[in-house]
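One letter stands for each residue in the lines below.
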Amino acid sequence: MGRRRLPRPPRKPPTPRARGPRFLERPGIWFNQHLKTVIETLGRLRANPLPSIMTVAVIGISLALPSALYVLSENLRAMAGGWDQTAAISLFLDLKVDDQKAATLADQLRNWQEIARIQLITRDQALAEFRDLGGFEDALDKITKNPLPTVLAVYPVPEHASPERLEILQERLLDLPEADFARMDTLWLQRLQAILDLVQVVALLLGGLLGIGVLLIVGNTIRLEILNRRIEIEIMELVGATAAFIRRPFLYTGAWYGLLGGLTAWLLVTLAILILQGSVSRLASLYHSEFRLAGLGFGDTLNMLGASILLSFSGSWLAVNRHLRGAEAH
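Because the structure is predicted, anything quoted here is derived from the model rather than measured.

### Here we look at the overall build of the protein chain
Looking only at helices and strands, the protein chain has ten helices and four strands in total. Reading the helices (α) and strands (β) of the protein chain from amino to carboxyl end gives α-α-β-α-β-α-α-β-α-β-α-α-α-α. Out of the 330 residues in the protein chain, the part that is buried amounts to 33%. Across the protein chain, the fraction of contacts at a sequence separation of at least 24, relative to all contacts at a separation of at least 6, is 82%.

Printed below as a string of structure tokens:
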């Protein structure tokens, strides 16, 4: 007789592995997909260095021009800020007014509500300052009598620093019997401020026009890349790839163009500042002063990079969407 087979014990069902909720896995999958696309698009740019460098250079130059104009206006504004301490009105007294009468008049003017302070420049002090300018030593040595008048430098309070109120204050000062004539010293500074405001408006307009140019450049570059990868895109559409999946690498390519172009613009502006600093320092030394040019600040740099990435991303979006709409129509 054959051996009798014993029945096998029933197999235990496999213990299921502990898994978390599926919605917790989705952010990680989404992040990995996008990170992979970011790395792949950067690799494509490195695989075609010459076209990529040319596109990045064009974006950088386009953004560097308005940025440099903005930095120039800001440096001139900072330089002019140091000149705000000059007297608003210089009141030249009659030659018959001696230093004692001028000091008495200065004390009286300090009580005016429109005036913050008064600086008395005597005739001897004015002659000494004129002599320090240089170039007139021989002529001054031949002068036996000081021809310069006593001057009162008038500094108004901030509430009366506007051009209209300064003119009213100047007329009041000219009505004084000791006054000969007056000069408004801040008029040129106000004109300079108006010119700097105009320069900043021009920089904004130029930045807007060149920004549109960046958008068109990146859009055309992405359009050419779409044409080069037309067969690959068609295959992805046949296997059921979504529009977001097809669009993703081109959008990241545009973002890379924007980031690299913005960094190039920052580098160009910084190099221009370093090159000009030597000439500016030599010019400032002739006026016995020191001035250092300021480049793009941290906030300005972030704004420029953000604008560059946004423009390039928008250009890519327009190019890809146009292709996808055309593919759906066919």
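Now, onward.
### Brief notes about the environment of valine 199
Position of valine 199 relative to the elements: it lies in helix H7 (residues 187–228). The exposure class assigned to valine 199 is partly exposed, which follows from its relative accessible area of 24%. The spatial distance from the C-alpha of valine 199 to the C-alpha of leucine 69 is 7.6 Å, given a sequence separation of 130 residues. Dropping the residues within four chain positions of it, valine 199 is found in contact with Leu69 and Ser73.

### Topic: the side chain of threonine 122
With respect to the helices and strands, the residue threonine 122 is situated in the loop between strand E2 (115–121) and helix H4 (123–132). Under the relative-accessibility criterion, threonine 122 is labelled buried at 15%. With residues up to four places along the chain from it excluded, the contact list for threonine 122 reads Asp99 and Thr150.

### Regarding the sheet that holds strand E3 (residues 151–156)
One open sheet holds the four strands; their spatial order is E2-E3-E1-E4, and the pairing between them is antiparallel. With one partner strand each, in any of the chains shown, E2 and strand E4 (179–184) form the two edges of the open sheet. Across the sheet, the mean angle from the axis of one strand to that of its neighbour is 20°, orientation sign disregarded. In this sheet, E4 lies alongside strand E1 (residues 89–93) in antiparallel orientation, the contact comprising five bridges. If you follow isoleucine 89 over to E4, its bridge partner there is methionine 184. Strands in contact with helix H3 (residues 99–109) are E1, E2 and E3; relative to E2, the strand with the most contacts, it is inclined by about 170°. Of the strands in this sheet, E1, E2, E3 and E4 are in contact with helix H6 (residues 163–174), which crosses E4 at around 165°.

### Comments concerning a negative patch on the surface
Residues Glu164, Glu167, Glu171 and Asp175 make up a contiguous surface patch of negative charge. Given the relative accessible area of 52%, glutamate 171 is considered exposed.

About the criteria used
Residues numbered from 1 in each chain as written. Predicted model: local features only at pLDDT ≥ 70, side-chain atom pairs only at ≥ 80, totals over all residues. Heavy atoms only, no water. Helix = DSSP H or I, 4+ residues; strand = E, 2+ residues; numbered from the N terminus. Buried < 20%, exposed > 50% of the residue type's maximum accessible area, 1.4 Å probe, protein only. Contact = heavy atoms within 4.5 Å. Pairing = 2+ DSSP bridges. Axes fitted to C-alpha atoms, helices over the stretch in contact; angles between N-to-C directions. Patch = residues over 30% accessible without salt bridge, like charges linked within 9 Å, V, L, I, M, F, W, Y side chains within 5 Å. Areas by Shrake-Rupley, 256 points an atom, 1.4 Å probe, with all protein chains shown as cover. Salt bridge = Lys/Arg side-chain N within 4 Å of Asp/Glu carboxyl O. Lys, Arg positive; Asp, Glu negative; His and termini not counted. Charge placed at Lys NZ, Arg CZ, Asp CG, Glu CD.

Such coordinate-based values are descriptive only and should not be taken to indicate function.
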